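# Structural characterization, general
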Amino acid sequence: KAGVTQTPRYLIKTRGQQVTLSCSPISGHRSVSWYQQTPGQGLQFLFEYFSETQRNKGNFPGRFSGRQFSNSRSEMNVSTLELGDSALYLCASSMGLAGGGAGEQYFGPGTRLTVT
Amino acid sequence: GDSVTQMEGPVTLSEEAFLTINCTYTATGYPSLFWYVQYPGEGLQLLLKATKADDKGSNKGFEATYRKETTSFHLEKGSVQVSDSAVYFCALSENTGGFKTIFGAGTRLFVKA
């Protein structure tokens, strides 16, 4: 079974621009979560989508948004980029249902975003 | 809100030494607990999990027991190898109508030959 894929793997943008990151979950997984990883703040939860609906959201400004498509693929968008948005953005997929595998996530390799 | 606290690193051990990485949590409900590992140059991988009190998760020689009374989920391994060098993250996940996973800061482990 193919793992979680994220595109692009690396991205360099300028302050004020916007960026869209893409994530394809493991086949059959309906939940996609996004995280920001930085050396200073560690791994921070951005949001979770399940069946095209945002179910949970972390404490990030409205510049960070996302969506999920009917095939469970997800995109994350950051508008008006700031230097502090430079980070590794990780996507994780899971079944998204209560039960034995609840909360168990499978991570993609991440997208390294650099804002200059 | 929910939080996870794990011991600061780096932790440096010699091969075959005993490993403990402490993890404690605060949660409003009854979370599932996880350890994830990030090897150099690789993505995060699930190492082990426990979903209820007194459950023991285990994988690759690593173990952790869900202790509700002490709100802890300490990671242990009896004999580490050089290949265990990585960053280890403790995490909790609660079903609040959706899943939100909170991670600890991570503990970097170096194992010397």
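Quick note: structure is the one above.
Report follows, based on the coordinates. (Residues numbered from 1 in each chain as written. Chains lettered and ligands numbered in written order. Predicted model: local features only at pLDDT ≥ 70, side-chain atom pairs only at ≥ 80, totals over all residues. Heavy atoms only, no water.)

It is worth spelling out the sheet that holds strand β3 (residues 19-24) of chain A at this point. All names here are of chain A. Spatially, the 4 strands line up as an open sheet ordered β1-β3-β8-β7, and their pairing is antiparallel. Both edges of this open sheet fall to β1 (5-7) and β7 (64-68), since each of them pairs with a single strand only. On average, each strand axis in the sheet is inclined to that of its neighbour by 20 degrees, with strand direction left out of account. Where β3 meets strand β8 (residues 74-78), 5 bridges bridge the pair, whose relative direction is antiparallel. When the sheet's bridge partners are listed, L21 is paired in β8 with M76. (Pairing = 2+ DSSP bridges. Helix = DSSP H or I, 4+ residues; strand = E, 2+ residues; numbered from the N terminus. Axes fitted to C-alpha atoms, helices over the stretch in contact; angles between N-to-C directions.)

What follows is about the sheet that holds strand β7 (residues 56-59) of chain B. All names here are of chain B. Here we have 4 strands laid out as an open sheet, ordered β3-β9-β8-β7, and antiparallel in their pairing. This sheet does not close on itself; its edge strands, each paired only once, are β3 (19-21) and β7. Averaged over all pairs of adjacent strands, the angle between their axes in this sheet comes to 15 degrees, without regard to strand direction. Of the pairings in the sheet, the one linking strand β8 (residues 62-65) to strand β9 (residues 75-77) comprises 3 bridges and is antiparallel in character.

Here the structure, examined in full by the defined rule, presents 10 salt bridges over all chains. A salt bridge links B:K49 to A:E104; its shortest N-O distance comes to 2.4 Å. Of this pair, B:K49 sits in strand β6 (residues 44-50) while A:E104 sits in the loop between β9 (87-94) and β10 (106-107), placing the two residues on different chains. Note on B:K49: relative accessible area 27%, which makes it partly exposed. (Salt bridge = Lys/Arg side-chain N within 4 Å of Asp/Glu carboxyl O. Buried < 20%, exposed > 50% of the residue type's maximum accessible area, 1.4 Å probe, protein only.)

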